[in-house]
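Fold and contact review
Here is how the chains run, residue by residue.
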Amino acid sequence: MSTLENNSLEPMADAPVLSPGKVMLSHAKSHRGLMLGGLVILTIMLVAIFAPLLAPHDPYAQVLSRKLVPPVWFDSSKATWDHILGTDHLGRDYLSRLIYGARISLLIGFSAMLISGVIGTVLGICAGYFGGRVDMVISFLITTRLSMPVVLVALAVISIVGSSLTVVIWVIGLLIWDRFAVVVRSATQQVRGLDFVASARALGSSTPRILFSEVMPNISNHVIVIATLEMAHAILLEAALSFLGLGVQPPTPSWGLMISDAKGLMFFDGWLIAVPGTALFLLVLAINLVGDGLRDVTAPEDRN
Amino acid sequence: MLAFLLKRLSMAVLVALTVSSLTFSLNFLSGDPAIALGGESATEADLQTIRETYGYDKPIPVQYINWLTRAVQGDLGQSHYLNQPVSEEIFQRLPTTMALGLCALVFALALSIPLGVLAAIRPNSLLDRFALTIAVVGQAMPSFWFGLTMMLWFAINWRILPVSGSDSWKHFVMPSIALGYYITPGVMRLTRAGMLEVLRSDYIRTARAKGVSKFSLLFKHALRNAIIPVVSLAAVQFGFMLGGSIVIETIFAINGLGFLAWESIQRADLPMMQAIVLVLSFFYIALTFFADVLNAWLDPRIRIG
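Residues numbered from 1 in each chain as written. Chains lettered and ligands numbered in written order. Predicted model: local features only at pLDDT ≥ 70, side-chain atom pairs only at ≥ 80, totals over all residues. Heavy atoms only, no water.

1. Digging into the overall build of chain A
The helix and strand tally for chain A stands at 12 helices and zero strands. The order of helices and strands in chain A, counted from the N terminus, is α-α-α-α-α-α-α-α-α-α-α-α. In terms of overall dimensions, chain A has C-alpha extents of about 75 × 55 × 30 Å along its principal axes. Counting every position in chain A, which comprises 304 residues, the buried fraction comes to 53%. Contacts in chain A between residues far apart in sequence, at least 24 positions, make up 72% of those at least 6 positions apart. Of the charged side chains in chain A, 19 are positive and 20 negative; the average position of the first set lies 6 Å away from that of the second. (Helix = DSSP H or I, 4+ residues; strand = E, 2+ residues; numbered from the N terminus. Buried < 20%, exposed > 50% of the residue type's maximum accessible area, 1.4 Å probe, protein only. Contact = heavy atoms within 4.5 Å. Lys, Arg positive; Asp, Glu negative; His and termini not counted. Charge placed at Lys NZ, Arg CZ, Asp CG, Glu CD.)

2. Overview of helix H11 (residues 214-226) of chain B
Those residues of H11(B) lying buried are B:Ser216, B:Leu217, B:Leu218, B:Ala222, B:Leu223 and B:Ala226. Buried positions along H11(B) lie against helix H5 (86-121), helix H9 (184-199), helix H10 (202-210) and helix H12 (228-252) of chain B.

3. Focus: the packing of H5(B) against helix H13 (residues 257-266) of chain B
Residue and element names in this part refer to chain B. It is at 7 Å that the axes of H5 and H13 come closest, and there the two elements cross at 130°. Here H13 runs oblique to H5, going by the angle between their axes. Each of Glu-89, Ile-90, Arg-93, Leu-94 and Thr-97 in H5 lies in contact with H13, whose residues at this interface are Leu-257, Gly-258, Phe-259, Leu-260 and Glu-263. Tallied by class, residues from the contact of H5 with H13 come to five nonpolar, two polar and three charged. (Axes fitted to C-alpha atoms, helices over the stretch in contact; angles between N-to-C directions. Parallel < 35°, antiparallel > 145°, perpendicular 65-115°, else oblique. Nonpolar A, V, L, I, M, F, W, Y, C, P; charged D, E, K, R; others polar.)

4. Observations regarding the pattern of salt bridges
Residue and element names in this part refer to chain B. Applying the stated criterion across every chain, the model contains 12 salt bridges over all chains. Linking Arg-8 and Asp-292 is a salt bridge whose minimum nitrogen-to-oxygen distance equals 2.6 Å. One end of the pair, Arg-8, is in helix H1 (residues 2-24); the other, Asp-292, is in helix H14 (residues 270-298), with 284 residues separating them in the sequence. Residue classification places Arg-8 among the buried residues on the basis of a relative accessible area of 14%. In this structure Asp-292 comes out as partly exposed when scored by relative accessible area, which is 27%. Notably, a salt bridge pairs Arg-205 with Asp-202, separated by 3.5 Å at the nearest N-O pair. Here the residue Arg-205 and the residue Asp-202 both occupy positions in helix H10, the gap between them amounting to three residues, near one helical turn. (Salt bridge = Lys/Arg side-chain N within 4 Å of Asp/Glu carboxyl O.)

5. Some thoughts on the interface of chain B and chain A
Taken residue by residue, the interface counts 51 residues in chain B and 45 residues in chain A. For the pair chain B and chain A, the summed buried surface comes to about 4,100 Å²; carbon and sulfur atoms form 79% of the total. Across the contact surface, chain B and chain A share one salt bridge. Among the salt bridges present, the one from B:Arg189 reaches A:Asp292, with a minimum N-O distance of 3.5 Å. Listing elements by their share of the side of chain B that touches chain A, those giving two or more residues are H1, helix H6 (126-140), helix H7 (143-157), H9, H12, H13 and H14 of chain B. (Buried area = accessible area lost by both parts, 1.4 Å probe.)

6. A word on the environment of B:Leu257
Along the chain, B:Leu257 turns up in helix H13. In contact with B:Leu257, other than residues within four places in its own chain, are B:Ile90, B:Arg93, B:Leu94, B:Thr97, B:Glu249, B:Ile276, B:Val279 and B:Leu280.

7. Details of empty space enclosed by the protein
All names here are of chain A. Scanning the model with the defined rule gives three cavities of 30 Å³ or more in all. Here the second largest cavity is characterised by a volume of approximately 70 Å³. Counting residues per element, the ones that place at least two in the lining of the second largest cavity are helix H4 (94-130) and helix H11 (255-262). With four residues, H11 is the largest single contributor of residues to the lining of the second largest cavity. The class makeup of the residues in the lining of the second largest cavity is seven nonpolar, three polar and four charged. (1 Å grid on protein atoms, 1.4 Å probe; cavity = no way out; pocket = protein on both sides within 12 Å on 5 of 7 lines; lining within 4 Å. Points joined across faces, edges and corners; volume = space filled by probe spheres on them.)

8. Quick word on the nonpolar core
As a rule of thumb, soluble globular proteins bury nonpolar side chains together. Within the largest apolar cluster, 174 residues are counted, with the highest numbers of intra-cluster contacts made by A:Ile172, B:Ile90, B:Phe144 and B:Ile276. At 17 residues, helix H10 (residues 207-243) of chain A tops the list of elements feeding residues into this core. A domain-level breakdown of this core finds at least three residues from each of domain 1 (2-72) and domain 2 (95-304) of chain B. Core analysis: the next-biggest nonpolar cluster, separate from the first, contains six residues, A:Leu123, A:Ile138, A:Ile142 and A:Trp177 among them. (Core = buried A, V, L, I, M, F, W, Y, C linked by side-chain atoms within 4.5 Å. Domains from an automatic or database assignment.)

9. Looking at the domain arrangement of chain B
Residues and elements named next belong to chain B. By domain assignment, chain B separates into domain 1 (2-72) and domain 2 (95-304). Each of domain 1 and domain 2 has a C-alpha centre, and the two are 34 Å apart. On the domain 2 side, the residues contacting the 14 residues of domain 1 number 14 residues. Summed over both sides, the interface of domain 1 with domain 2 buries roughly 1,300 Å², with 77% coming from carbon and sulfur. On the domain 1 side of the interface with domain 2, the three residues burying the most area are Phe-4, Arg-8 and Thr-23, jointly 41% of the side's total. Run the count over domain 1 and domain 2 and you get one salt bridge. Scanning the region where domain 1 abuts domain 2 turns up two residue pairs in polar contact (both at pLDDT 80 or more). Element by element, the count of residues in the side of domain 1 that touches domain 2 is highest for H1, at 11 residues. (Polar contact = N/O pair within 3.5 Å; in protein donor to acceptor, adjacent residues only side chain to side chain.)

What follows is the structure, encoded as structure tokens:
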């Protein structure tokens, strides 16, 4: 894969001395996976932001006389350019629902990732920096979290509390902080022993100051990598929850929900699950490519 | 070794206790559990009867201790819907989920370990790139979508495999692939990384100089050392798979624990849900415990450090 391209560093005998940031940027630019993934994400983000302008129809409008119109490339008398991707079982324009669905995926993915990122990073830094008892307690919390099945707990909690966008975001966010904590903990352990932390301590910096201005900047590359990967994880989780009927509630357009609605009809109209499924796959693939790429560029030692 | 064992065991017990109290606290997530059980139309007298029947009138710590004592004795409560002990139903369904999990694990290992080894022999070769592509694609594919797509092709279009159910081995082929495929990337990457490291080591060079055959060198000398971290990853992933099988079992209507969980959620059968969460968590805790012990036994550095 293109992820390994950076291993062959060209000898730069007469090249000017570049700052570390510029070197990283040039690595990033030559990283095909990173650029391709970034481009796809950017496109999907723009589509999500400008959904009202781009969507050809109202995603909620049901036209029962135009149910299950196939996409244009189908050789069918019903296929029409008015509904490029066809319509669903309630006669709603599939392309418009797909476009609005990008908003839900990105919103939930990003918010859940922020929640889990804050929890995981704080726990990881404390465990890694203070060590000893604090580390023991936090490692215990991580182990406990890992031993509870995510999908099952999320479903149980949502079924009791009742589903809404906020509930889904919080439940996912509160469940997937483990990888943040694990990675940040070990990254902090490595930074903790370095000279600049010792000198900051010798200068009399307070502990919060050391954590924020000495440790944080030096582990942020790990945090960003995990953040992208966890955002993909959260998007997949939301889709699975919505698919099982306990995530985003109808009629909100969500890709997982679209696949769930199409499940009963897929034997006759396979494209109904192929369209939202491909969108979901592409988005998650793009985010993972960016995550892997960022790791290759900023923290290659984490690769495995 | 004994010190390591005791330390690790006490950790496992502590985690199990915490998980059980978290699971127990699901009771109070919806407010008064008696109202949830009695419904909107229940009178105050009805609610009082429900509270007394289920013990909700006692202080919460007492309720927890009672619940835990019964759980340890194998009594995981009474299903609100089926009106029979939860444990009966669970142990009836557990073997199906275990079988599915094992099939998925075997599929995943059979695909990812050879691929990881082959990728490590020639880093950056076409095969290595192919393996990495599989890994990247695998991580991005929603398992339920993958399952449905397989169903569409293999069961509907080509009619090779049955659509859903759990009556014969044929019913387990697609679900095992859908469930197992998701863990192949991790196992493959770890195998590849482990092999790359081991293949650089001195003893491999010695073996090669001795004239050991290529196959024996890779699979007997190198893989044996590279596989150690894969063992614990596989154990962890097996636990995750059992927890995640709810999605796959629902799609393929496999009569296992995950499907039971989904049915219980539909029926708002809280004791059943709690029991399933508890059983799967305990299984994961036991699994990781044994994996750690196995690792410590294989690699003395772990039990000392």
